[in-house]
Amino acid sequence: MKSLYCSHELLQLIPIIFFSILLLHFQQVAAVEYVRPPPGKIISTSHNRPDSHPQQVHISIAGNDHMRISWITNDKSVPSVVEYGKVSGKYNASSSTGEHTTYRYFFYNSGKIHHVKIGPLDSNTVYYYRCGGVGDEFSFRTPPSKFPIEFALAGDLGQTEWTASTLAHVNKTDYDVLLLPGDLSYADSQQPLWDTFGRFVEKYASKRPWMVTQGNHEVEAFLPLFKIESFKAYNTRWIMPYQESGSHSNLYYSFDVSGVHIVMLGSYTEFGISSPQYEWLQNDLVKINRKKTPWVITIVHVPWYNTNIAHQGEGEKMRIAMEDLLYKAKVDIVFAGHVHAYERFARVYDNQANPCGPMHLTVGDGGNREGLALMFKKPTSPLSLFREASFGHGRLRIVNQTHAHWTWHRNNDDHNSSVSDEVWLANISANEGCNKKLAFQDDDGEDMSNNVIMNDEL
Ligand SMILES: [Fe+2]
């Protein structure tokens, strides 16, 4: 009788256990499900220093062992000089070779925009500096001369609460150089927003070199009637080392840092095979010495590979024009922005997985005012290995001549940033299979792709 009672009791418990397990499952799913954040509010960073004091200070690599210091003063009489040294307050070197400019944009008149190149500088060294002979002292650290080197990557920044969160996360862990694949201020012709952006990023961009390329939000072109040329604000405020790299345009350039050759391309200037950009790229890639710079990275605004619904196919013409050049040059990684999400592709060439093609990554997730690109194409392409519409930033640590570690950090909230994706990758030029024949063909034209070492998985 007792055992019958127990059986009956057990039978009553079964649905309770079943529903408890079901409830637990749903709670766990709810706990891991990530709620997509809305766009952040724009932060307007005001000017609160005297007119002669520097504002919007940022630095960029300017050829071997040199750094370009850029800043703006409302006072037009301030000279374009930078005093600097290795000890705070003791400036035993100065540069008076600076240049300055101003620009007009409809009724807007810019402040005096200073650019001063300083050096030669020692590698991996902290320098203290003062701009224009007045105001606060700033400091920066030069990149190392050897591996390892760590890059931070965030595109489509803007100046919102999410941007502030991203940059705070970037700054939590030390890095050497920030790479920005376009869309900086989101001023979109409202020129004072370039000034607020410059002030917004100063505390980071005055400490580490910020190397940028331009996006659609930098174009700011109007009909010729108004005589406003494209990229007016971008080209006057964010001068990059184009002259140092033999380019005739600030919209595309290259530079070497610690064994890495970085090529910045322009999505919104001509890129066809008869264009100046194409010709420059061809010459630049031919000159790469893989013994000196074993790693080659390319950065462009509009992604050539993209499975997001947003901006679908926009990079296709440029991919068709230039992908061959990058493939033949054994470029290791192509970073892009524009799509407000994160996506990592396999090594790829001509829309097919290829162990000797570059790995493509989209990092347009910096925190801009337009919000996230939430919709991805379905079904998922086998070339797309990780994709997520969240704000965040990436880190590329190049450990040595042959190996690098990529991590992507999603901004969970204002206090934490988690590693959501990571991969080790091997240098293509160190891959004997890729060095033998780029097209995976032997002398008789036979396909050798099965003999090539896969170098993504370690
Ligand atoms: Fe864009």
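From a predicted model like this one, the values you see are computed outputs, not experimental measurements.

This next bit is on the overall build of the chain. Of the regular secondary structure elements, the chain holds seven helices and 24 strands. Across the chain, the fraction of contacts at a sequence separation of at least 24, relative to all contacts at a separation of at least 6, is 69%.

Here the focus is the sheet that holds strand β2 (residues 67–73). Taken in spatial order, the four strands of this open sheet run β1-β2-β8-β5, and their pairing is antiparallel. Only two strands of the sheet have a single partner each, and these edge strands are β1 (55–61) and β5 (99–101). Averaged over all pairs of adjacent strands, the angle between their axes in this sheet comes to 20°, without regard to strand direction. Relative to strand β8 (residues 112–118), β5 runs antiparallel, the two being bridged by three bridges. Residue pairing in the sheet places Glu-99 in a bridge with His-115 of β8. Running over the sheet, helix α3 (residues 192–205) touches β1 and β2 and is turned about 55° from β1.

So, about the confidence of the model for the chain. Taken over all residues, the pLDDT of the chain has a mean of 88, while the share at 70 or more is 84%. Counted against residues more than four places away or in other chains, residues 1–32, with its pLDDT under 50, gives zero contacts. Across residues 438–458 the pLDDT falls below 50, and counting only partners more than four positions away or on other chains, this stretch makes 30 contacts in the model.

Before going further, it helps to spend a moment on the packing of helix α5 (residues 276–286) against helix α6 (residues 316–328). Where α5 meets α6, the closest approach of the two axes is 10 Å, and the angle between their N-to-C directions is 10°. Taken together, the axis directions place α5 and α6 in an arrangement best described as roughly parallel. Residues Tyr-278, Leu-281, Gln-282 and Leu-285 of α5 lie in contact with α6, whose contacting residues are Ala-321, Met-322 and Leu-325. Its residues assigned to classes, the contact of α5 with α6 comprises six nonpolar, one polar and no charged.

Topologically, Gln-277 is positioned in helix α5. Here Gln-277 falls in the buried class, since 21 other C-beta atoms lie within 10 Å of it. Setting aside residues up to four positions removed in sequence, Gln-277 forms contacts with Tyr-252, Gly-266, Thr-269, Glu-270 and Phe-271.

Another aspect to go through is helix α2 (residues 161–172). The first and last C-alpha atoms of α2 sit 17 Å apart over twelve residues, in line with the 16 Å expected at 1.5 Å per residue. Among all positions of α2, only Trp-162, Thr-163, Ser-165, Thr-166, Leu-167, His-169 and Val-170 are buried.

Our next topic: the sheet that holds strand β10 (residues 138–141). The strand order across the open sheet formed by four strands is β4-β3-β9-β10, and the pairing between neighbours is antiparallel. Two strands bound the open sheet, and with one partner strand each, they are β4 (93–95) and β10. Across the sheet, the mean angle separating the axes of adjacent strands is 30° when strand polarity is ignored. Note that strand β3 (residues 82–85) and strand β9 (residues 126–131) share four bridges and pair antiparallel. By the bridge assignment for β9, Glu-83 is matched with Arg-130.

Okay, α6 next. Between its first and last C-alpha atoms α6 spans 18 Å; for 13 residues at 1.5 Å apiece the expected length is 18 Å, and the two agree. A maximum bend of about 50° is found in α6 at Met-322. Within α6 the residues assigned to the buried category are Met-318, Arg-319, Met-322, Glu-323, Leu-326 and Tyr-327. Each element contacted by the buried residues of α6 is listed here: α5, β16 (295–299), β17 (333–336) and β18 (342–349). Positive phi shows up at Lys-330, right after α6, with a value of about 55°.

Here we come to the pairing of strand β22 (residues 392–398). With five of its seven residues buried, β22 lies for the most part within the structure. Inspection of the sheet shows strand β11 (residues 149–153) paired to β22 by five bridges, in the antiparallel sense. Bridged to Ile-149 within β22 is Ile-398. The sheet contact formed by β22 and strand β23 (residues 403–411) spans seven bridges and is antiparallel. Residue pairing in the sheet places Gly-394 in a bridge with Trp-408 of β23. Linkage of β22 to β23, two consecutive antiparallel strands, is achieved through a turn of four residues.

Take the environment of Ala-310 next. Relative to the assigned elements, Ala-310 resides in the loop between β16 and α6. When the 18 C-beta atoms within 10 Å are taken as the criterion, Ala-310 is described as partly exposed. Residues Ala-310 and Met-375, 65 residues apart in the sequence, show an inter-C-alpha distance of 7.3 Å. Setting aside anything within four residues of it in sequence, one finds Ala-310 in contact with Val-339, His-340 and Ala-373.

It is worth spelling out the nonpolar core at this point. Counting residues in each nonpolar core, the largest one holds 97 residues, and the members touching the most others are Ile-69, Leu-179, Met-211, Ile-262, Met-264 and Phe-335. Ranked by residue count, the leading element in this core is α3, at six residues. Both domain 1 (47–142) and domain 2 (143–437) contribute no fewer than three residues apiece to this core. In contact with Leu-179, other than residues within four places in its own chain, are Phe-151, Leu-153, Met-211, Ile-299 and Phe-335.

Calculation rules
Residues numbered from 1 in each chain as written. Predicted model: local features only at pLDDT ≥ 70, side-chain atom pairs only at ≥ 80, totals over all residues. Helix = DSSP H or I, 4+ residues; strand = E, 2+ residues; numbered from the N terminus. Contact = placed C-beta atoms within 7 Å. Pairing = 2+ DSSP bridges. Axes fitted to C-alpha atoms, helices over the stretch in contact; angles between N-to-C directions. pLDDT = per-residue confidence, 0-100. Parallel < 35°, antiparallel > 145°, perpendicular 65-115°, else oblique. Nonpolar A, V, L, I, M, F, W, Y, C, P; charged D, E, K, R; others polar. Buried ≥ 20, exposed ≤ 12 C-beta atoms within 10 Å, placed from the backbone. Expected span 1.5 Å × (residues − 1). Bend = angle between axes of the 7 residues up to and from the residue. Core = buried A, V, L, I, M, F, W, Y, C linked by C-beta atoms within 7 Å. Domains from an automatic or database assignment.

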